[in-house]
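# Overview (structure and organization)
One-letter residues, chain by chain:
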Amino acid sequence: MNSRKTRVKLPFGARWFHGRRGLAIWLRLRIGAFCLNAIERYKDLEAYRRTAERPRLDEKAIEALKSDQVLEVDGTWERRSSAQLTDEIVRSNPDIYTQSVQRLIPLLEEGRVKCTINVGARVDVILSFLAKKFPHVAFVSVDIQDNLDWHNQNLERSANWRLVSGYALDLFERKEIAGDLVIFTSTANLMTNTELHSYVEAMNAQYLFFNEPLPPPLTRPSLLANPDTIDPRHSDVGSDEATRPGGKLFYLHNYRSILEDHGYKVHISEVVPLPQRPKKPPRHIVLAEKA
Ligand SMILES: C[S@@+](CC[C@H](N)C(=O)[O-])C[C@H]1O[C@@H](n2cnc3c(N)ncnc32)[C@H](O)[C@@H]1O
């Protein structure tokens, strides 16, 4: 008979607790942490549901967005703010901004777009690049932040590119800004369903372009997020971390249906993975034209 003891490989963390009693303590701690996480996530979801019918941002919400002055997305602000695109990067690096640029260049080359607006632009890597490439098109970066000059200080500035601070819905409704192409990157997902309808009306743009994160909806567990199955009247909720809980929550919209409701024809509606960022959810890219 083989008298050698079989060694059980304990999971990481459990190795610090010895014996059966230790393992029981470790298990209880893990279950406790799981429950706390679930309670936090439930509270987040409830808070999100409470704002789901919000027709527009109030003063308090505007101030909350403004207070987030240095946004840490994928590392440091410095890294993003110096991410000047080049033709080579656009060709060879499939990332959020290059995915947008690859689809926007053919549209701009058609020559019908005279003014492009980027809503929620912050550090506008996209317009800095496009403004240089299309000198006869006007480009406007809009963000609720007051410090747009600071955010964009490391990017190349062309004469046909300007920065405007303010709540974009107010600016469109007061006709302080208007463009025939309006683009959104990771920003329409911060808008409620009602707000998004108001934007589409107020923008009155010939072309609309969205590049938004698309994780599986939290309210309706499903492995694959299909944007066309989202209820067009009550947008879903998702998290920006595809693989673990604890990410920021935002709205998932059925862009196709919402845009068709307003008389747009959807030319592109693609779910595109981010191969270099496996922990991030795929992107939903939409290009629509007023019919
Ligand atoms: C997640 S960041 C995305 C920034 C940028 N588009 C990018 O992809 O790197 C969202 C940005 O939208 C801005 N924002 C959110 N809602 C806005 C609104 N209603 N009007 C103007 N800016 C808004 C925020 O201040 C923030 O800079």
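Everything that follows concerns the structure shown earlier in this document.
Residues numbered from 1 in each chain as written. Predicted model: local features only at pLDDT ≥ 70, side-chain atom pairs only at ≥ 80, totals over all residues.

The sheet built from seven strands is open, its strands ordered E3-E2-E1-E4-E5-E9-E8 with mixed pairing. Across the chains shown, the open sheet's two edge strands, defined by having one partner strand only, are strand E3 (161-165) and strand E8 (264-272). This sheet shows a mean twist of 15° between the axes of neighbouring strands, independent of strand direction. (Pairing = 2+ DSSP bridges. Helix = DSSP H or I, 4+ residues; strand = E, 2+ residues; numbered from the N terminus. Axes fitted to C-alpha atoms, helices over the stretch in contact; angles between N-to-C directions.)

To continue, consider the packing of helix H5 (residues 96-109) against helix H6 (residues 125-133). It is at 10 Å that the axes of H5 and H6 come closest, and there the two elements cross at 35°. Crossing angle aside, the handedness with which H5 passes H6 is right-handed. Where H5 abuts H6, its residues Tyr97, Ser100, Val101, Leu104 and Leu108 lie against Val125, Ile126, Phe129 and Leu130. (Left-handed = near helix turned anticlockwise from the far one by under 90°. Contact = placed C-beta atoms within 7 Å.)

Among the seven residues that make up strand E5 (residues 207-213), seven are buried, leaving the element largely enclosed by the rest of the structure. Burial along E5 is two-sided: the residues Tyr207, Phe209, Asn211 and Pro213 and Leu208, Phe210 and Glu212 are all buried. In this region the chain leaves strand E4 (residues 181-185), passes through helix H9 (residues 193-203) and returns to the parallel neighbour E5; the handedness of that crossover is right-handed. Bridge count between E5 and strand E9 (residues 283-290): seven bridges; the pairing is antiparallel. (Buried ≥ 20, exposed ≤ 12 C-beta atoms within 10 Å, placed from the backbone. Right-handed = clockwise from strand over helix to strand, strands pointing away.)

That's the geometry; what it means functionally is another story.
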